Structures are given as C-alpha cells and as structure tokens.
Amino acid sequence: MKNLKATAIAHSNIAFIKYWGKKDEKLHLPLNNSLSVNLDNLITKTTVEFSETFKKDQIFIDGQTVQGEKEKRVVDHLNRVRKMAKICLKAKVISKNNFPTASGLASSASGFAALSLASTKALGLSLSEKDLSILARLGSGSACRSIPDGFVEWYKGKDHQTSYAKGLFPPSYWSLSIIVLLIETKEKKTFSNQGHQLVWTSPFFKERLKNIDKKIFLIKKYLQEKNFLKFGQIVEDEALELHSIMLTSKPALIYWQPETIKAIKYIYFLREKGLPVFFTIDAGSNLFLISQKKDEKDLIRELKKEYSEKKIIINHPSKGAFLIKDYQVEGD
Ligand code: PMV
C-alpha cells in the first residue's frame, strides 16, 4: 500500500472584525462575516499518517499525547476526512506549534487548517480552497480563515456549503506589522466554544448585530484605500466591543488580566506621542498590535522599554495553508 502520509503548514490568523456567536453550534456557522489576516510567525506544522498497522488514532501536540476533549475534536475531524475518502484506517497525527498552545493565539485556527490539508492529502483527496475552508471550519470556526492567503473574509453564508473564507488581498498587498504582546501563556480557562454560546445573554449583542454589516463595509473600504488610521481605529473599536459583550455575558467572561489594561494604556500613550499603533484582542489576555511596517522599528524600540524581548512576537501578513514535502519528524 502506498504511503498515506502528508505534512502541511498553516498560520494562525487574527481577526480585524471578529467571529463571536454562532447560528449553528455543530456546523460552526457564524452570525456575521469576519475579516482577518494570516500571521507569518505563528505557525503550526502537522504530519498525518494513516496506516493498517495503527490500532487507534494517536495524536501528539507539541510532543505530548493529547487526551479528553482535545483528542475528541481531532478524532472527530479525522472521521470527517475518512468519511469523505471512504477509508477507515487509523491515523497518527504529529502537530507542532512554534507558539504557546491555547493562550489566545488561536492555535485551534492554524491547527485545524493544517490538519484539514494534511489529512485530506494523506488520503489522496485534492480539495479546492473553498472545500478545504469549509472542512477546516468544522474543526474550529476561525480555522477556515487560515486556509486562503493574506487578508481574508469569512462569509457567514446561509448553510454548510456557503459558509467559507476567501482571500480579499494577497499578503504583499499592505506592509503591516502585527506584533503579539504576550501577557500570559497559560491555558485558557474558558475556551471560545463556551463563549460563543453565551452571546445572547449579553444585552449588547443585538445592538452589535444591528451594526455589523455597516462596520464590515467600512473596514473593507479602509482596507481598499489603505487608510491606516481609520482602519486601525475600527479594529480597536471592534476589539473593545467584543470584550464588552464578553464582560456582560452571563456568567461574565473576563479574559483580561491587569497587565492587559496596562498594555492598552501604553498603546494609547504611544499613539499620543505620535506613533500610529492600534491593538486588538481575541478570547485571551494578549494584545495584537497593528502598525505599518515603516513604523515597526520605532514601535519595537518603545515596546522594549516596558517588555522583555520574549514577550514580543513580530508578524507580517502571510500566505494560507500549504503542503510541504514529507520528512521525518521527532517521535515518528
Ligand atoms: O474559532 P473559535 O471558535 O476559536 O472562535 C474564535 C473567536 C475569536 O478569536 C474571539 C474571534 C475570531 O474571529 O477569531
């Protein structure tokens, strides 16, 4: 039997307009479109191998065997791919992140994007970008945005077949720097899945949905015009809106740490000093700073006055998921 093995690389993505709240829990159909960019320095590399000799699925993430809920999510995804390929062999999955898992840096996005591409390829399937994005969405909603290149929009769609992500602009379109400011690297207590379920308990959520299409229209306009100041402001407003929904959900979701507020204030201070930099935050406490590449050096210099080098991860827009030539990985 031929070698049923493939390796894929995918990058994490950060949303400018967020996905928060689902129309369909199981299919991860979102209540609104979202917009993101892939990040070149937050990388997951995943090798999937199917074999008659495997008695059960084995999953290793960052060198550790994965069990419980996390294992189930990966096995469910492998089952979807096995069903598509009409093959029932068990698999070995070896996945590595170059950043801390489950710390608000969206390891599930890059993880399920890489898993979708590697597992389909290993079983001889060649999915279109659209179908791969649809498949990745079933693993984790935001993973569908890590499939296409560069600046991406995820269309909420009407149903399973119409909810997928598509590239708006290639990575080279706009020289932005997206700098992660690590506030904490511990596992999150509340995963985003539970958060999505709480959206309607916030009195502000209805208001958000009322205005979201206008916001998406505006951010696409500023992206098209490369109007950085207007673009940055809308991204920052969106992050604060997301967290106001989280804070007013029942029970309240408080992802921020005192250090998060301190960092927000520091960004305001830098902006007042004339440095054009904005922030966004996902379901975690870390900040993602957005600046133009031309200001990157100045921004890093200012950040280093307050933060150690290991808390700063510099990213630029990157391509989507791709296959690499198979190779021997540790633990193989
Ligand atoms: O894909 P999920 O279920 O991990 O949800 C992602 C939610 C946010 O990161 C907060 C927003 C987003 O659009 O990425």
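Residues numbered from 1 in each chain as written. Predicted model: local features only at pLDDT ≥ 70, side-chain atom pairs only at ≥ 80, totals over all residues. Heavy atoms only, no water.

**Student:** How do you make sense of the overall build of the protein when you look at a structure like this?
**Tutor:** Looking only at helices and strands, the protein features eight helices and 14 strands. Its C-alpha atoms give the protein a radius of gyration of 19 Å, within 12% of the compact-globule value 20 Å for 332 residues. Overall, the protein is about 65 × 40 × 35 Å in size when its C-alpha atoms are taken along their principal axes. Looking at the 332 residues of the protein, the share that counts as buried comes to 55%. In the protein, of all internal contacts separated by at least 6 residues, the share reaching a separation of at least 24 is 76%. Across the protein, the mean location of the 53 positive side-chain charges is 2 Å away from that of the 36 negative side-chain charges. (Helix = DSSP H or I, 4+ residues; strand = E, 2+ residues; numbered from the N terminus. Rg over C-alpha atoms; globule rule 2.2 N^0.38 Å. Buried < 20%, exposed > 50% of the residue type's maximum accessible area, 1.4 Å probe, protein only. Contact = heavy atoms within 4.5 Å. Lys, Arg positive; Asp, Glu negative; His and termini not counted. Charge placed at Lys NZ, Arg CZ, Asp CG, Glu CD.)

**Student:** Help me understand helix H5 (residues 205–225), please; the structure alone is not making it clear to me.
**Tutor:** Two residues of an α-helix separated by three or four positions point the same way, owing to the 3.6 residues in each turn. For H5, with 21 residues, the first-to-last C-alpha span of 29 Å sits near the 30 Å given by 1.5 Å per residue. Taken from the residues just after H5, Lys 226 is the one with a positive phi, measuring 50°. (Expected span 1.5 Å × (residues − 1).)

**Student:** Even after reading the chapter, I still don't get the site of the ligand, so can you show me in this structure?
**Tutor:** In the vicinity of the ligand lie 13 residues, with Tyr 19, Ser 142, Arg 145, Ser 192 and His 196 positioned nearest. At 3.2 Å from an oxygen atom of the ligand is found a side-chain nitrogen or oxygen belonging to Ser 140. Between the ligand and Ser 142, the relevant distance is 2.6 Å, taken from an oxygen atom to a side-chain nitrogen or oxygen of the residue. Burial of the ligand by the protein amounts to 93% of the accessible area it has alone, namely 390 Å². (Near = heavy atom within 4 Å. Polar contact = N/O pair within 3.5 Å; in protein donor to acceptor, adjacent residues only side chain to side chain. Areas by Shrake-Rupley, 256 points an atom, 1.4 Å probe, with all protein chains shown as cover.)

**Student:** Hey, could you run me through the environment of Lys 265 in this one?
**Tutor:** In this structure, Lys 265 sits in helix H7 (residues 258–272). In this structure, the C-alpha to C-alpha distance between Lys 265 and Lys 311, residues 46 residues apart in sequence, is 17 Å.

**Student:** Where do I start with the packing of helix H2 (residues 107–122) against helix H3 (residues 129–139) in this structure?
**Tutor:** When two helices pack together, you describe them by how their axes are tilted relative to each other and by the distance separating the axes. The interhelical angle for the contact between H2 and H3, taken along N-to-C directions, is 125°, at an axis separation of 8 Å. Classed by the angle they form, the pair H2 and H3 counts as oblique. When you trace H2 past H3, the crossing you get is right-handed. Contact residues: H2 offers Phe 112, Ala 113, Ser 116, Leu 117 and Thr 120, while H3 offers Leu 132, Leu 135, Ala 136 and Gly 139. In terms of residue class, the contact of H2 with H3 is built from six nonpolar, three polar and no charged. (Axes fitted to C-alpha atoms, helices over the stretch in contact; angles between N-to-C directions. Parallel < 35°, antiparallel > 145°, perpendicular 65-115°, else oblique. Left-handed = near helix turned anticlockwise from the far one by under 90°. Nonpolar A, V, L, I, M, F, W, Y, C, P; charged D, E, K, R; others polar.)

**Student:** Help me understand the confidence of the model for the protein in this model?
**Tutor:** Detailed conclusions should not be drawn from predicted coordinates in areas where pLDDT is low. Per-residue confidence for the protein averages 94 on the pLDDT scale, and 95% of its residues sit at or above 70. Confidence drops under pLDDT 50 across residues 328–332; counting only partners more than four residues distant or on other chains, this segment forms twelve contacts. (pLDDT = per-residue confidence, 0-100.)

**Student:** Even after reading the chapter, I still don't get the sheet that holds strand S12 (residues 287–292), so can you show me in this structure?
**Tutor:** Within a beta sheet, neighbouring strands are joined by backbone hydrogen bonds and run either parallel or antiparallel to one another. Strand order in this open sheet of four strands is S11-S12-S10-S13, and the pairing throughout is antiparallel. The sheet is open, and its two edges are formed by strand S11 (277–280) and strand S13 (312–315), each paired on a single side. On average, each strand axis in the sheet is tilted by 25° relative to the strand beside it, whichever way the strands run. As paired elements, S11 and S12 share four bridges and run antiparallel to each other. By the bridge assignment for S12, Phe 278 is matched with Ile 290. Contacts from helix H6 (residues 228–247) reach strand S10 (176–181), S11 and S12 within the one sheet, and its direction differs from that of S11 by about 30°. The strands that H7 touches are S10, S11 and S12; relative to S11, the one it contacts most, it runs at about 155°. (Pairing = 2+ DSSP bridges.)

**Student:** Can you walk me through the packing of helix H1 (residues 68–85) against H3 in this structure?
**Tutor:** At a closest axis distance of 9 Å, the pairing of H1 and H3 adopts a crossing angle of 150°. Seen along the crossing, H1 lies across H3 with a hand that is right-handed. Contacts between H1 and H3 involve Arg 73, His 77, Arg 80, Val 81 and Met 84 from the former and Leu 135, Ala 136, Leu 138 and Gly 139 from the latter. Taken together, the residues of the contact of H1 with H3 sort by class into five nonpolar, two polar and two charged.

**Student:** When you look at the packing of aromatic side chains in this model, what are you seeing that I'm missing?
**Tutor:** Both the distance between ring centres and the angle between the ring planes are used here to describe each pair of aromatic rings. Enumeration over the complete set of coordinates arrives at 13 aromatic pairs. Ring geometry for Phe 16 against Phe 231: centres 4.9 Å apart, planes inclined by 75°, an arrangement best described as edge-to-face. Of this pair, Phe 16 sits in strand S1 (residues 5–17) while Phe 231 sits in helix H6; the two residues are 215 residues apart in sequence, bridging distant segments of the chain. Each member of the pair, Phe 16 as well as Phe 231, carries the same accessibility label: buried. Between the aromatic rings of Tyr 266 and Tyr 307, the centroid separation amounts to 6.4 Å while the plane-to-plane angle is 65°, which identifies the pairing as edge-to-face. Placement of Tyr 266 in helix H7 and of Tyr 307 in the loop between helix H8 (296–306) and S13 is noted, with a sequence separation of 41 residues between them. An identical accessibility class is assigned to Tyr 266 and Tyr 307; each is buried. Ring-pair connections join several aromatic residues into one group, and the members of that group are Phe 16, Phe 151, Phe 169, Tyr 173, Trp 174, Phe 228, Phe 231 and Phe 278. Here Lys 226 stacks its cationic end above the ring of Tyr 173, 4.3 Å away from the centre of that ring. In this structure, Lys 319 packs its charged tip against the face of Phe 322, placed 4.1 Å from the ring centre. (Phe/Tyr/Trp six-rings, centres within 6.5 Å; stacked < 30°, edge-to-face > 60°. Lys NZ or Arg CZ within 6 Å of the ring centre and 35° of its normal.)

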